[in-house]
Amino acid sequence: MATFLLFGKYSGEALKGISAERTKSVEEIVKRFGGQIQAMYAVLGEVDLVLIVSLPGIAEAIQTSVALSKLTGIAFWTAPAVTVEEFDRLVAAT
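What counts, and where the lines are drawn
Residue positions are given per chain, counted from 1 along the sequence in the order it is written. In keeping with the predicted nature of the model, local features appear solely for residues at pLDDT of at least 70, side-chain atom pairs appear and are counted solely at 80 or more, and the whole-chain, interface and lining totals rest on all residues. Only heavy atoms go into the side-chain values, all of them from the structure, while hydrogens and water stay out. Secondary structure follows DSSP: runs of H or I at least 4 residues long count as helices, runs of E at least 2 residues long count as strands, and numbering of each begins at the N terminus. Relative accessibility thresholds used throughout: buried, under 20% of the residue-type maximum; exposed, over 50%; partly exposed, between the two (1.4 Å probe, protein chains only). For this analysis, residues touch if any pair of their heavy atoms sits within 4.5 Å. Strand pairing is assigned whenever DSSP detects at least two bridges linking the two strands. Each axis is a line fitted through C-alpha atoms, taken for helices only over the stretch in contact, and angles between the N-to-C directions span 0 to 180 degrees. The criterion is simple. A nonpolar core is a set of buried Ala, Val, Leu, Ile, Met, Phe, Trp, Tyr and Cys residues joined through side-chain atoms within 4.5 Å.

**With respect to the overall build of the protein chain**
Across its full length, the protein chain holds four helices and four strands. Going from the N terminus to the C terminus, the protein chain shows its helices and strands as β-α-α-β-β-α-β-α. The buried share of the protein chain, taken over its 94 residues, is 31%. Counting contacts in the protein chain only where the partners sit at least 6 residues apart, residues at least 24 apart contribute 66% of the total.

**Brief notes about the sheet that holds strand E3 (residues 49-55)**
The antiparallel open sheet is built from four strands, whose spatial order is E2-E3-E1-E4. Looking along the sheet, the strands with just one partner apiece sit at the ends: strand E2 (36-42) and strand E4 (75-81). Each neighbouring strand pair of the sheet contributes to a mean axis angle of 20°, computed without reference to strand direction. Relative to E3, E2 is paired through six bridges, and the arrangement is antiparallel. Within the sheet, the bridge partner assigned to Ala 39 lies in E3 and is Ile 52. The strands touched by helix H3 (residues 58-72) within the sheet are strand E1 (2-9), E3 and E4, with E4 carrying the most contacts at an inclination of about 160°.

**Focus on the nonpolar core**
In this structure, Leu 6, Leu 51, Val 53, Leu 55, Leu 68 and Phe 76 are the most contacted members of the largest nonpolar core, which totals 17 residues. Broken down by secondary-structure element, the contributors of at least two residues to this core are E1, helix H2 (20-32), E3 and H3. Residue contributions to this core peak at four residues, all from E3. In this structure, Leu 68 is in contact with Leu 6, Val 26, Ile 29, Leu 51, Gly 73 and Phe 76, ignoring residues within four places of it in sequence.

Rendered as structure tokens:
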């Protein structure tokens, strides 16, 4: 499983749909694409949400990000993440 960070920005319309039920729907979408939510945070600043998600690969990350945007109206952008230890190992091989 790979780790991905999903950064979300609310639109005015998306704000109207905030609910615990929608959060559960987000969890179901991640599971549908073979993933698991590691953590979800509401944050202040450039983005409103940060999800840390484990998914099988990039294809599932794309599908999850698009499905979440369709469901919630929240604009998501997604970035792969590796631990610093893995990064050090990868860079050492260059």
